[in-house]
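As a plain string of letters, each chain reads:
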Amino acid sequence: MEIKTIMVIGAGQMGSGIAQVAAQSGFTTILHDVNKEAVQRGLQGIQKSLAKFVEKGKLSAEEMEATLGRLQPCDDMAAAADCQIAIEAVVENMNVKANIFRELDRLAPADAILASNTSSLPITEIAAVTSRPEQVIGMHFMNPVPLMKLVEIIRGLATSDETYETIEALSRHLGKTPATCRDVPGFISNRVLQVMINEAVWCLYEGVATAEDIDMIMKLGMNHPMGPLALADLIGLDTVLAILEVLQAGYGDPKYRPCPLLRQYVKAGWLGRKSGRGFYRYG
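Presented here is a report on the structure given in the accompanying data block. Just so it is clear, the structure is predicted and the values come from calculations on it, not from any experiment.

Before going further, it helps to examine unusual backbone geometry. Glycine aside, the phi torsion of most residues is negative, and most peptide linkages are trans. Between Asn143 and the following residue, Pro144, the backbone shows a cis peptide bond with an omega angle of 0 degrees. For Pro144, the location among the structural elements is in the loop between strand 6 (136–141) and strand 7 (150–155). For Phe187, which is not a glycine, the phi torsion comes out positive at approximately 55 degrees. Judged by relative accessible area, Phe187 falls into the buried class, the value being 0%. One non-glycine residue with positive phi stands out, namely Asn223, at about 65 degrees. Here Asn223 falls in the exposed class, since its relative accessible area comes to 69%.

Next comes the structure, spelled out in structure tokens:
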């Protein structure tokens, strides 16, 4: 399959990051969101990100303009008719994702591949709402997408070899390193990561140490570039909670039980960087 146009559904932090790397890699990129203001915020975020690359000498001004020229803002799902690959990057909610995949299945070309950037939800279940489960796959990017090299590729029960090979090659073309795993709750990245984050929240909840000291111990003692609580703030505490709930439901294991403090912060609207407050305050 010759890929010319990629459609990204969801113009939030992850979706705009995916759209940026797709456009930088030479693809015509449709950035879709039902909210026109979200699309504009996404484009502004991409422009700001590209400008930083120019300032650091990693991108020329001409390359920045060419990248922006390949981006097409959109709030109409009918644009899926023009893409060879659609990548969904919306909220971590099965009902929302299922509805999007039903629409994509109806509107996208018959040979188009439908990918999900889900961080924990089952690809097999998402694929089951379409008439093309063999062309549905998980393509889990890491945040921030323009900087992080990994793409976790998840094969559903019906995902074909051809679909997998196309997405693996696309990942490399986007400058990413693909790693593959089976379709299990949380895959590998979040099955391991969220247990660590949740345990750090429990330590804070129990008064074992301050947020700063918990993060410092993991940064200086374990050589992590970012502490688990700061990382949770970057991911979004609502997303962390949603993933832990998927893990708890999927495995039935109490080790995935979300800390009450995490639930309390989410209910308070303290979601991390995107809300200005989480385990830390942000200007």
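In space, the eight strands of this open sheet follow the order 3-2-1-4-5-6-7-8, with mixed pairing throughout. Among the strands making up the open sheet, the edge pair consists of strand 3 (71–74) and strand 8 (177–182). Sheet twist, expressed as the mean angle between neighbouring strand axes with direction ignored, is 25 degrees. Inspection of the sheet shows strand 2 (residues 28–32) paired to strand 3 by four bridges, in the parallel sense. Bridging across to strand 3, Leu31 finds its partner in Pro73. Where helix 6 (residues 161–173) meets the sheet, it contacts strand 1 (5–9), strand 4 (85–88), strand 5 (113–116), strand 6, strand 7 and strand 8, and its direction lies at approximately 175 degrees from that of strand 7.

Scoring rules and cut-offs
Residues numbered from 1 in each chain as written. Predicted model: local features only at pLDDT ≥ 70, side-chain atom pairs only at ≥ 80, totals over all residues. Heavy atoms only, no water. Helix = DSSP H or I, 4+ residues; strand = E, 2+ residues; numbered from the N terminus. Buried < 20%, exposed > 50% of the residue type's maximum accessible area, 1.4 Å probe, protein only. Pairing = 2+ DSSP bridges. Axes fitted to C-alpha atoms, helices over the stretch in contact; angles between N-to-C directions. Contact = heavy atoms within 4.5 Å.

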